[in-house]
Structure formats: structure tokens, C-alpha cells
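# Coordinate inspection notes
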Amino acid sequence: MKTIPSILRRNLVIIDGNNMCWRGFKRTVLTSSNGNGVDLVFMSLRMLLSYFSLAQENGDMVIVWDGGRDKRRLELFAEYKHRKKPYTESEKRDFEEYKRQQYIFKELISKMGITQILCGGREADDVINTIVRKRNIYSPILLCNIGEFGEAVLVESTRSYNGTIYIVSNDLDYSQLLECPDVLWYNPNSSVAMSKDDVYRTYGFLPEEYPLYKAIVGGHDNVPGVHGVGPVIAKKYLKYLREGSEIDFSKMGKVMSDLSSAVFLGVVSEAMEISKFLEVPDLELSEGVTIPFLYGRNVIEYGRYVRSLLEDLEFTSIIDRFQEVVQPLYDSVSALIHSLDSNDKLFGGE
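The present account deals with the structure reproduced in this document. The shown structure was predicted, so the numbers you read here are calculated from the model rather than taken from an experiment. (Residues numbered from 1 in each chain as written. Predicted model: local features only at pLDDT ≥ 70, side-chain atom pairs only at ≥ 80, totals over all residues. Heavy atoms only, no water.)

### Focus: the pattern of salt bridges
Keep this limit in mind: Here, a salt bridge means any Lys or Arg side-chain nitrogen found within 4 Å of an Asp or Glu carboxyl oxygen. A run of H or I in DSSP counts as a helix once it spans at least four residues, and a run of E counts as a strand once it spans at least two, with each numbered from the N terminus. Only protein chains enter the accessibility calculation, which uses a 1.4 Å probe; a residue is then buried when its area is under 20% of its type maximum, exposed when over 50%, and partly exposed in between.
Applying the stated criterion across every chain yields a total of 12 salt bridges. Note that Asp 60 and Arg 9 form a salt bridge whose closest N and O atoms lie 3.3 Å from each other. Note that Asp 60 is positioned in strand E4 (residues 60–65) and Arg 9 in strand E2 (residues 7–9), a separation of 51 residues in sequence. With relative accessibility at 2%, the residue Asp 60 sits in the buried group. Notably, a salt bridge pairs Glu 209 with Arg 242, separated by 2.9 Å at the nearest N-O pair. With Glu 209 in the loop between helix H6 (196–203) and helix H7 (210–217) and Arg 242 in helix H8 (residues 231–243), this residue pair connects regions lying 33 residues apart in the sequence. For Glu 209, a relative accessible area of 12% translates into the label buried.

### So, H8
The cut-off we apply is this: One less than the number of residues in a helix, times 1.5 Å, gives the span that helix is expected to have. Arc definition: it is the arc formed by the directions from the helix axis to the C-beta atoms.
Between the first and last C-alpha of H8 there are 18 Å, a value that for 13 residues agrees with the 18 Å anticipated at 1.5 Å per step. Of the positions making up H8, those classed as buried are Ala 234, Tyr 237 and Leu 238. What you see down the axis of H8 is that its buried residues fit within an arc of 100°, all on one side. Seen from the buried face of H8, the exposed residues on the opposite side, beyond 90 degrees, are Val 232 and Glu 243. Immediately beyond the C-terminal end of H8, within one or two residues, lies Gly 244, with a positive phi of roughly 70°.

### Focus on the sheet that holds strand E5 (residues 115–118)
Short version of the rule: When DSSP finds two or more bridges between a pair of strands, those strands are recorded as paired. Contacts: residue pairs with any heavy atoms within 4.5 Å of one another. An axis is simply a line fitted to the C-alpha atoms; with a helix, the fit covers only the stretch in contact. Between two such axes, the angle follows the N-to-C directions and lies from 0 to 180 degrees.
Taken together, seven strands build an open sheet; the order of strands is E12-E11-E10-E3-E4-E5-E13 and the sheet is mixed. If you trace the sheet from one side to the other, it starts and ends with strand E12 (192–194) and strand E13 (289–290), each paired once. Taken together, the three bridges between strand E11 (residues 183–187) and E12 define a ladder with antiparallel strand orientation. Paired with Asn 187 across the two strands is Val 192, which belongs to E12. Along the sheet face, helix H5 (residues 124–134) touches strand E3 (12–16), E4, E5, strand E10 (165–168) and E11 and points at about 170° away from the line of E3.

### Looking at the packing of aromatic side chains
The test is simple: What counts as a ring pair is set by centres within 6.5 Å for rings of Phe, Tyr and Trp (its six-membered ring), and what kind of pair is set by the plane angle: stacked under 30 degrees, edge-to-face over 60, tilted for all other angles. Here, a charge over a ring is recorded when the distance from Lys NZ or Arg CZ to the ring centre is within 6 Å and its angle to the ring normal is within 35 degrees.
Taken as a whole and judged by the stated rule, the model has 15 aromatic pairs. Counting every residue linked through ring pairs, the aromatic cluster contains Trp 185, Tyr 203, Phe 205, Tyr 210 and Tyr 213. The ring of Trp 65 carries the charged tip of Lys 106 above its face, separated from the ring centre by 4.6 Å.

### Overview of the packing of helix H12 (residues 299–312) against helix H13 (residues 316–333)
Convention followed: For classification, angles of less than 35 degrees are called roughly parallel, those exceeding 145 degrees roughly antiparallel, those between 65 and 115 degrees roughly perpendicular, and all remaining angles oblique. With the far helix as reference, a near helix turned anticlockwise by less than a right angle produces a left-handed crossing, and one turned clockwise produces a right-handed crossing. Nonpolar residues are Ala, Val, Leu, Ile, Met, Phe, Trp, Tyr, Cys and Pro. Charged residues are Asp, Glu, Lys and Arg, and all others, Gly as well, are polar.
Remark: H12 packs on H13, axes separated minimally by 10 Å, with the N-to-C direction vectors making an angle of 135°. In terms of axis orientation, H12 runs oblique to H13. Handedness of the crossing formed by H12 with H13: right-handed. Residues Val 299, Tyr 302, Gly 303, Val 306, Arg 307, Leu 310 and Glu 311 of H12 form the contact with H13, whose participating residues are Ile 318, Ile 319, Phe 322, Gln 323, Val 326, Gln 327, Leu 329, Tyr 330 and Val 333. Its residues placed into classes, the contact of H12 with H13 shows 11 nonpolar, three polar and two charged.

In C-alpha cells:
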């Protein structure tokens, strides 16, 4: 094992892995020659390669996976993300198929050298929140020679980022992280990287107001919201608070009165706590990093290896897209090598 100083990089692209894979699952009906479905693997890989353009020169990409429900949030709200209806047999089969293909995808991107993080008992959004606020990640990589014998070399480092951090997901929850400097929320549904001002113009709330907005409107994660209150009334209420205006609830009708009662009784403040992101301890964050592999002494050997992986999966149509990003992708995953004086220090087995 070798340890080197922290590496300074520019942009960081953080992808919510489960969010991406669910969007890719069954988007197309694709099977390999052995009859197994590969739609999730194919579509997720296509999306992944397209997002790499956000990293630009001297940037990185990391995929974060859900590791379960956080007990701290469940203590606040026992019904958080609790499914009320039992799964049907069809849904169970779909979930098993999803997990099977997700495993293949995780193995593939690990061999491509892309960093993945999964912290047991922690949700992806909390891990992403912690990375965004720290602006660095633990970055080990396992270097392997092609066609040579000998043990692989594990190199450890930390990567810090002084450019833009992109959060890739269509989950509106991430909009609250735009209060942090140099952070953009990339919504793949619109293919637009949104800033704090963009979110305000589009949704009518500021990032720091999102937990209150979600607590009022509800709609997902089993957050109940205030009965009868939708986005329009919620935006009006936030505007009153923002401008410090007095609210004459007697003139606002029953819906606004219900909202006033919910605020007074503390129902809204409880729901707000559920929507706020939590911090993940440093040790858990570093232990959650899956050690990726890097094959090849240079970009040509690396490109040939990944090409062979894509051919094995019969993803010939993706090979051209991979060729477009192979150099910046290799530069990103091999940053640990380039930070040393000579590759021979690692590949020579010292």
C-alpha cells in the first residue's frame, strides 16, 4: 500500500446511482445473446458517459449508492419512505431483475476505474450532502498490470475540488444543496444544470426554503404535507415569510387557515426535520468507498481493456461514445499515477 498527498482537482460530478439506474431500467427492451436483460446496464452506462462532459478537464466523477434508511431520520418519522401496500409478484420479479442488473453495472464501472461509494445504513443524499460540504473524497485505487504477474498495488489518497460540483439526479431534494457555493443541480429530465436562481425562477423557493416547502406540500417519502395545500399556496406563504409581511389568515380562506394551524401546532417543523440532509461521519464515508481498478500503463491499454468489457456485454453501439471520453476518463481515474514522479514507482512493484 502506498499513500500520497491530497490531489487537487477541479470539477466533481456526483451521480445518485439508484436514481440513475431506476431511470435506465426497462427504458428499452434489451437482452444479450444468452437471453438475459441488460437494459439497465446499457442505459445507465450511456447516461454515465454523457455526464462525464460535466467534469471537463482535470475533473472527476463519483457514483453514490443508497445503503439503507438512516435510523436518525426514522426516529423522527417512523413512516418515512414506508411502503403501505405489499409488493405484487410482478413488482418482486422486477426488483430482483433490477438488483441483478445493478450488480453487473457496479462491477463494470469498478473495472473502468470509476469511484463508487455506499455507506451501510446511510442514504445516498446524506452521503452526497457530506461530500458537497467537505469538497473532498477518500480516493483509493488498485493498479493492475495487463499480461504481467505480481501483486496489484493499492494507492491511497484524498482528492479535493476547487471548481464546480454537479449533482446529477432528478430528485428535487438536492435543490437545497444549492445554498453551497459553486454547486449546480443537473436535472437529467431537462438536461439543464440549475443554479440557486434557476430553482427560484422555476419552482418559486430558495434552496434554504426547500425543507419548509416540502413539509407544506408533501408528496413523496411519505411526508404528509398540509391537507389541501399545494405549490401555489406554499409559494405565497414562503413569499410572506421572505418579505416579512403580516399575514391576515382570516382573509386567506380555509386552506391558509389549515396551514396556519399546522405551523402553530408544530406539524410542519417536524416534517421539515425529515427533509433536511444529515452528515455522514468521515470514517463511514471512507469505508464506504469501493476500491476501483485501473488496468493498463497508458490510455491505449486502458481503452482496449474497457472496449473488451463492452464487447463482452455486446454493447457495440456504446463503444463509439466511450471512445469520445476515453482520454478524459483515463486522465481522471489515473490521477494517482500522474501525481507521482514516475509510473515505475508503482508498476515496478517497489
